[in-house]
Amino acid sequence: GEHLAAFRARDGQAYVVDAYCPHLGADLAAGGRVVGSCIECPFHGWQFQGEDGKCTRIPYAEKVPDFARVRSWPCCEVNGMLLVWYHCEGVGPTWAVPEQREITTKEWVFRGQTEHFVDAHIQEIPENAADTAHLAFLHGPAILGGSDLRYTRSKLWDFMKHIWKAEWRPEPAPNEHCSRMLVEHTATIFGKHVSLMDLKVSARQVGPGLVFLIFEHAFLGRGIILQTVTPLEPLLQNVVHKIYYQKNMPAIIPKFILRAECIQFERDITIWNNKQYLSKPLLVREDSSIQKHRRWYAQFYSKKSTRLLAQKEALDW
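Residues numbered from 1 in each chain as written. Predicted model: local features only at pLDDT ≥ 70, side-chain atom pairs only at ≥ 80, totals over all residues. Heavy atoms only, no water.

Looking up the protein in an unreviewed UniProt entry gives the name cholesterol 7-desaturase, with the organism given as Corythaeola cristata. Looking at the Cofactor (unreviewed entry) heading of the UniProt record, one finds this comment for the protein: "Fe cation". (UniProt positions renumbered as here; feature names shortened; annotations may be inferred.)

Written out as structure tokens, the structure is:
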């Protein structure tokens, strides 16, 4: 629900500030221009520093009031992304986003991205990592069956199966804000193991909305998919997947991996877009990691976090 303006100062530093000028409400991101380390309002030419949001110049005023400023947001530029720190109570960053060395050194290069809008509670998406039981049922059918759940279990593609072995666990201090899922993927065709499809994936969740999915394949090399989950509204998430891969590998390989990942992700989206978030789900012993994940994820809420009241037996919606 926040409107922000992102700009790069003349020295190359990126900044993020509130989009609306406090003078008369013009949008700094729509027609504003960069002047040194400031962004200039397109309406009256007020200039605001990116670092602290302080107004440094008003073209027609003798003096700039000390209280004239826009809110400046903590941000960092890492792994080819500009990331903004958000805390509903205004607390500053308590952890940093790690650099992926191979992206920084350009050993791995950008090979494409996908973008989806998901109508779901923000916790649903990362919780999938701990829900290992859904892997066999939802993601077991061949990717050739597509993402339409009415046809994924079609007899036509029954000759091929994906087999997933996964384990999720939170990381110890000082990385309590991180968790890891280790996945081993194998596939069978007509019941016979196909070693060419063997894949190891290490998925590291950093905070509530950033995931590093590192792929390792015996012949096709290594790469990473960066997943970001940005809450646009309480029940609307923007999910982006960016793939970086070894530059000595033909681009068709990472593009195929991203496409396969996209098909599997869209199967999840069908579930998320139509399900209800249950705060007290009916779980069996084999679902224990879901409760562990919920306890771990609870650290990202605070007293002032937006909460949706549970729907009662009424039509007052």
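A. Summary view of the pairing of strand β9 (residues 81-84). Across the two faces of β9 the burial differs, with Met-81 and Leu-83 buried and Leu-82 and Val-84 not buried at all. Pairing analysis gives four bridges linking strand β8 (residues 75-78) to β9, with the strands arranged antiparallel. Paired with Val-78 across the bridge in β9 is Met-81. Between β8 and β9, which follow one another and run antiparallel, lie two residues, and Asn-79 among them has a positive phi close to 55°. (Buried < 20%, exposed > 50% of the residue type's maximum accessible area, 1.4 Å probe, protein only. Helix = DSSP H or I, 4+ residues; strand = E, 2+ residues; numbered from the N terminus. Pairing = 2+ DSSP bridges.)

B. The arrangement of unusual backbone geometry in detail. Pro-174 follows Ala-173 through a cis peptide bond whose omega is 5°. With respect to the secondary-structure elements, Pro-174 resides in the loop between β11 (160-170) and β12 (178-189). Unusually for a residue other than glycine, Asn-79 sits at a positive phi of about 55°. One can find Asn-79 in the loop between β8 and β9. Phi at Phe-190 is positive, roughly 55°, even though this residue is not glycine.

C. A look at the sheet that holds strand β1 (residues 4-8). Pairing is antiparallel across the open sheet formed by three strands, whose spatial order is β1-β2-β7. Every interior strand has two partners, whereas the edge strands, β1 and β7 (72-73), have only one. Pairing of β1 with strand β2 (residues 14-18) involves five bridges; the strand directions are antiparallel. Residue pairing in the sheet places Ala-6 in a bridge with Val-16 of β2.

D. Main features of the domain arrangement of the protein. Annotation of the protein at the domain level lists domain 1 (4-73) and domain 2 (101-296). A C-alpha centroid distance of 40 Å is found between domain 1 and domain 2. (Domains from an automatic or database assignment.)

E. Geometry of the nonpolar core. Of all hydrophobic cores here, the largest spans 29 residues; its most connected members are Val-118, Leu-213, Phe-215 and Trp-272. Listing elements by their share of this core, those giving two or more residues are β12, β14 (199-206), β15 (210-217), β16 (221-233), β17 (236-246), α4 (252-274) and α5 (288-297). A total of six residues in this core trace back to one element, the largest contributor, which is α4. When sequence neighbours within four positions are dropped, the list of residues in contact with Trp-272 reads Val-118, Asp-119, Ala-120, Glu-124, Ile-125, Asn-128 and Phe-265. Core analysis: the second largest hydrophobic core is formed by 18 residues, Phe-7, Tyr-15, Ala-19 and Cys-55 among them. (Core = buried A, V, L, I, M, F, W, Y, C linked by side-chain atoms within 4.5 Å. Contact = heavy atoms within 4.5 Å.)

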